[in-house]
Amino acid sequence: MEIGLSHYLILSGLLFAIGIYGILTRRNAIALLMCVELMLNAVNINLVAINRFLQPDWRIMTGQIFAAFVIVLAAAEACVGFALVIAIYRNLNRINVDEINLLKW
Amino acid sequence: MGEVIAFYILALIIVLGALAVVTGRNLFHCGLSLAAVLLAVAGLFILNGAEFLAWVQVLIYVGAVLVIILYAIMLSENITGERILLISQNRGVGFAAATLVFALIAFLGISLSGLLAGHTSSVKDPVLALLEGADSNVIVFGTLLLTRYILPFEFASVFLVIALIGALVIARTAE
Amino acid sequence: MTLTEISRAIARFLGFDPPTDQAAAQVILALIDALLIFGFLMLGVLVLIYVFRKIVGFIQARLGPRYTGPRGILQTLADALKLLRKEDIIPRAADRIAFNLAPLMVFLPAYLVYIVIPFGDPETGLVVRDLNVGVLYLLSISSVTVIGIVTAGWASANKWSLLGGMRSGAQLISYEVPMTLVFAVPVLLAGSLRLSDIVRAQGEFFWQWNAFRLDFFPFTLLAFITFLICALAETNQTPFDLPEAESELVAGFHVEYSGFKFAIFFLAEFGNTIAISAIATHLFLGGWKAPFPFLPDSGFWSLGWFFFKVSLLVLLIIWIRGTLLRVRIDQVMELGWKVLLPIGLICVTGVGLLVSIRPSPTEQAKQKVAVVSECPVSLQKDDGPFRWCRTHGRT
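Residues numbered from 1 in each chain as written. Chains lettered and ligands numbered in written order. Predicted model: local features only at pLDDT ≥ 70, side-chain atom pairs only at ≥ 80, totals over all residues. Heavy atoms only, no water.

**Considerations on the overall build of chain A**
Here is the rule: Helix and strand definitions here come from DSSP, where helices need a minimum of 4 consecutive H or I residues and strands a minimum of 2 consecutive E residues; each element is numbered from the N-terminal end. Only C-alpha atoms enter the radius of gyration; for comparison, a globular chain is expected to reach 2.2 Å times N to the power 0.38, where N is the number of residues. Only protein chains enter the calculation, and the probe is 1.4 Å; a residue is then buried if its accessible area is under 20% of its type maximum, exposed if over 50%, and partly exposed in between. Contacts are assigned to residue pairs that have any heavy atoms within 4.5 Å of one another. The method behind every accessible area is Shrake-Rupley, applied with a 1.4 Å probe, and residues are considered shielded solely by the protein chains displayed.
Scanning chain A from terminus to terminus reveals three helices and zero strands. Ordered by position from the N terminus, the helices and strands of chain A form the series α-α-α. The C-alpha radius of gyration of chain A comes to 18 Å, more than 25% above the 13 Å expected for a compact globule of 105 residues. In terms of principal-axis extent, the alpha carbons of chain A reach across some 55 × 25 × 20 Å. Within chain A, the proportion of its 105 residues that are buried is 58%. Contacts in chain A between residues at least 24 apart in sequence constitute 60% of all its contacts with a sequence separation of at least 6. Carbon and sulfur atoms make up 66% of the accessible area of chain A, which totals about 4,300 Å².

Structure, rendered in structure tokens:
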């Protein structure tokens, strides 16, 4: 038995689907952002695995470099996202996204 | 054999941890489960020969992003022990959508990986000339990053500065 | 005898002779390695705590431990046994899972750090795994500590522990940034992330070590001093022991911990002190090398030199701890972000510029440039902005 590309693809698909489930069911803004991190990680697993299995020369690591940029993006997203959450919490004293409905008045 | 065992252990940690993140009721425990998932993903990177990326993942995700998350949790729970119980809603819709997405990805993944297995690019990449004699993951990574991917690299640094300033402006208390 | 050979000898003593190629044998050898490192950590911390108490006693004109064993040598052991026998109290409001997990999350990084640190010349085998991402590994593993500390502070459900945890987290994160920057200085000079390569890239005489070398004069020395200050902050030593400032926070993030778990926090803190001194030794003080080339530093001599230097640094840290006052929290943040971070940036920029302009002494870099000049012109063109200075400086 051997681990092939499809194993990694299914694992990352599972992780991505779990992230989607979390995004759709959670109301807490912090939990939502955590689910986004899960989905980004699923993407990274995919990138690295595809780079390994479909690129015969290990020195061309385009997928890994792309994954590194995704990590950078995730760091920036987390920092701005949590700044927003803190600002909203400070001003409205609410953390659940469906209760932040000032514009609906 | 070793790879198979390692893969299944890591996959188990990832799936169970992710499920704990999306279904747990205690936000702080969700954060800790997320840490387990991130570390296991780093393990998968090592399994795929991406050592540098794996430790970058630990450094940035676990060392920085997760700490931000924990701080956000502590700040949003009014510092003192007012615990927020997480409520999930629309579970049916969420489950259906997740199943659909998973089915789609799994179908595409299986069919494509079968299709692509034999198909590998035969064009000799010109960047290989730069990587002559490079024997470690780190050297190759750095060389590629500073030659072919120099533009995205520089853009990423600008992007990070923008995000940093943006976050500071947003989170600052009004004078 | 190398570490691997020692492991094999122990395995043989236990009654089986492991062949090298089998996966199971590898796992067993790795386990023995892990046990050896664990034993080293325990022993090192026991000795360190005794020395620490004696020296701080001397500084404060006290005697220090005296009664248990000859000259109080067994005092630490007695304290450790006392801690292990204490009742393990978990507050009722505490988050039990996180509360029990936190000491582990603090201890594991302090333990795992030792995997890549060579205890002497790696050719003698005095290192567990000489990873090619060594420095990055050290940084990323030690950054996991923050999570453990924040968790400990949060899970205790106590104001002081929460404040201590948040302070500690803020302090660790802030000082990680300049520390990462000055880690880059030896890496730039050696052109490798492997700790043994960094040591080998430093010269034979002590004025050729990274901390004292004259060809990069102000930058490397500044980097070394910055590293030492960051090391004090990262290991919660005075003047930066705010997370456990007794007068304000009782004991910081581990107020509620007692017995075994408290002992683990203590162990991790002192283990970190040894580890960070070892890292400073390798990155800036020539690792296992003797200060002069005519002194022996091969084989087991390298072990001796390494521990000599580590002990000097640890003594320096104890001296600082016994001498200086604690600073205020805003002063800590100010020092980290407004002083050390710019200094770190200046060091990295300066060393980077000098390295890219000056011809590098290593053969590897020369080969690389030769390869570049042979490859097609179209590649040379989009070759990154720094290549120009490098080739220009060389010709």
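Back to the text.
**Brief notes about the overall build of chain C**
The secondary structure content of chain C amounts to 16 helices and zero strands. For chain C, buried positions account for 51% of its 395 residues. Here the analysis covers contacts within chain C between residues at least 6 apart in sequence; of these, 74% occur between residues at least 24 apart. Just so you have it, chain C exposes about 18,400 Å², and 69% of that area is on carbon and sulfur atoms.

**Quick notes on the nonpolar core**
Short version of the rule: Nonpolar core, defined: a set of buried Ala, Val, Leu, Ile, Met, Phe, Trp, Tyr and Cys residues in which side-chain atoms within 4.5 Å join the residues together.
In this structure, Ile30 of chain A, Ile14, Leu53 and Ile69 of chain B together with Phe183 and Phe227 of chain C are the most contacted members of the largest nonpolar core, which totals 187 residues. Per element, the largest residue contribution to this core is 18 residues, and it comes from helix H3 (residues 51-76) of chain B. Among residues more than four places away in sequence, those in contact with Phe183 of chain C are Val135, Leu138, Leu139, Phe227, Ile279 and Leu283 of chain C.

**Quick look at the side chain of Ser192 of chain C**
Secondary-structure assignment places Ser192 of chain C in the loop between helix H7 (159-190) and helix H8 (195-200). Among residues more than four places away in sequence, those in contact with Ser192 of chain C are Val187, Asp197 and Ile198 of chain C.

**What about the interface of chain B and chain C?**
One frequently used descriptor of interface size is the decrease in accessible area upon assembly of the parts. Let me state the cut-off plainly: Put simply, buried area is the surface a 1.4 Å probe can reach on two separate parts but cannot reach once they are joined, added for both. Definition used for salt bridges: Asp or Glu carboxyl oxygen within 4 Å of a side-chain nitrogen of Lys or Arg. Between N or O atoms, a polar contact is any pair within 3.5 Å; within protein, one atom must be a potential hydrogen donor and the other a potential acceptor, and residues adjacent in sequence are included only when both atoms are from side chains.
Counting residues at the interface gives 34 residues for chain B and 36 residues for chain C. Of the roughly 3,100 Å² buried between chain B and chain C on both sides combined, carbon and sulfur atoms contribute 76%. Where chain B meets chain C, there are zero salt bridges. Here chain B is connected to chain C by three residue pairs in polar contact (both at pLDDT 80 or more). Elements that contribute at least two residues to the side of chain B that touches chain C include exactly helix H2 (27-47), H3 and helix H5 (137-146) of chain B. At 14 residues, H3 of chain B tops the list of elements feeding residues into the side of chain B that touches chain C.

**A closer look at unusual backbone geometry**
All names here are of chain C. Positive phi, close to 55 degrees, is recorded for Ala61, a residue that is not glycine. Mapped onto the secondary structure, Ala61 falls in the loop between helix H2 (23-59) and helix H3 (75-85). Using a relative accessible area of 71% as the deciding quantity, one classes Ala61 as exposed.

**Overview of the packing of aromatic side chains**
All names here are of chain C. Heads up, the rule is: Ring pairs are drawn from Phe, Tyr and Trp, using the six-membered ring of Trp, whenever the two centres fall within 6.5 Å, and their geometry is named by plane angle: stacked under 30 degrees, edge-to-face over 60, tilted for the rest. Ring-over charges, as used throughout, are those where CZ of Arg or NZ of Lys falls within 6 Å of the ring centre and within 35 degrees of the ring normal.
Taken as a whole, this structure holds 26 aromatic pairs over all chains when the rule is applied. Ring geometry for Tyr257 versus Phe265: centroids 4.8 Å apart, planes at 80 degrees, classification edge-to-face. Taking the relative accessible area as the measure of exposure, Tyr257 reaches 4% and is therefore buried. Each residue in the set Phe40, Tyr114, Phe119, Phe306 and Phe307 is aromatic and connected to the rest through ring pairs, giving one cluster. Against the face of Trp209 rests Lys309, its NZ or CZ located 3.8 Å from the ring centre.

**With respect to the interface of chain A and chain B**
What counts here: Charged means Asp, Glu, Lys or Arg here, nonpolar means Ala, Val, Leu, Ile, Met, Phe, Trp, Tyr, Cys or Pro, and polar covers whatever is left, Gly included.
Taken together, the contact between chain A and chain B spans 69 residues of the former and 88 residues of the latter. Carbon and sulfur atoms make up 77% of the area that chain A and chain B hide from each other, which totals about 6,900 Å². Summed over the shared surface of chain A and chain B, the result is zero salt bridges. Linking chain A with chain B are eight residue pairs in polar contact (both at pLDDT 80 or more). Taken together, the residues that form the side of chain A that touches chain B break down as 50 nonpolar, 10 polar and nine charged.

**Concerning H7 of chain C**
Residues and elements named next belong to chain C. In plain terms, the rule: Expected helix span is computed as 1.5 Å times (number of residues minus one). Each residue is assigned a bend, namely the angle between axes fitted to the seven residues that terminate at it and the seven residues that start at it.
With 32 residues, H7 extends 46 Å from end C-alpha to end C-alpha; this agrees with the ideal 46 Å at 1.5 Å per step. The sharpest bend along H7 comes to roughly 25 degrees, located at Glu176, with the proline Pro178 sitting one to four residues further on. Phi turns positive one or two residues past the end of H7, at Gly191, with a value near 70 degrees.

**Observations regarding the pattern of salt bridges**
Residues and elements named next belong to chain C. Taken as a whole and assessed by the stated rule, the structure comprises five salt bridges over all chains. A salt bridge links Arg200 to Asp197, with the shortest nitrogen-to-oxygen separation between them at 3.7 Å. Separated by three residues within a single helix, Arg200 and Asp197 lie in helix H8, roughly one turn from each other. Among the residues examined, Arg200 registers a relative accessible area of 37% and is labelled partly exposed. When the shortest N-O distance is used, the salt bridge between Glu269 and Arg321 registers 3.8 Å. On the criterion of sequence distance, the pair formed by Glu269 in helix H11 (residues 259-284) and Arg321 in helix H12 (residues 300-323) is long-range, its members being 52 residues apart.

**Quick look at the packing of helix H1 (residues 5-25) of chain A against helix H2 (residues 29-54) of chain A**
Packed helix pairs are characterised by how far apart their axes lie and by the angle those axes make with each other. Residue and element names in this part refer to chain A. Our working definition: All axes here are fitted lines through C-alpha atoms, helices being fitted over the stretch that makes contact, and every angle between N-to-C directions spans 0 to 180 degrees. Geometric relationships in this document are graded by angle, where less than 35 degrees denotes roughly parallel, more than 145 denotes roughly antiparallel, 65 to 115 denotes roughly perpendicular, and other angles denote oblique. In this scheme the crossing of two helices becomes right-handed for a clockwise turn of the near helix relative to the far one and left-handed for an anticlockwise turn of less than a right angle.
Where H1 contacts H2, the axes come no closer than 8 Å and their chain directions differ by 165 degrees. Overall, the two elements H1 and H2 adopt an arrangement that is roughly antiparallel. H2 is crossed by H1, and the crossing has left-handed handedness. A per-class count over the contact of H1 with H2 returns 19 nonpolar, five polar and one charged.

**Concerning helix H1 (residues 2-23) of chain B**
Over its 22 residues, H1 of chain B runs 32 Å from end to end, which matches the ideal 32 Å to within 8%, given 1.5 Å per residue. For H1 of chain B, the full list of buried residues reads Val4, Phe7, Leu10, Ala11, Ile14, Val15, Gly17, Ala18, Val21 and Val22 of chain B. Considering only its buried residues, H1 of chain B is in contact with H1 and H2 of chain A together with H2 of chain B.

**Structural notes on the confidence of the model for chain C**
It should be kept in mind that the predicted coordinates are not to be read in detail where pLDDT is low. Residue and element names in this part refer to chain C. Basically, it comes down to this: Values of pLDDT, ranging from 0 to 100, describe the predictor's confidence in every residue of the model.
Mean pLDDT for chain C: 78, with 83% of residues reaching 70 or above. Per-element mean pLDDT across chain C ranges from 38 in helix H16 (residues 386-394) up to 88 in helix H5 (residues 134-143). Here residues 373-395 scores under 50 on pLDDT; set against residues more than four positions off or in separate chains, the count is 24 contacts. For this predicted complex, the interface confidence reaches an ipTM of 0.88, while the overall pTM sits at 0.84.

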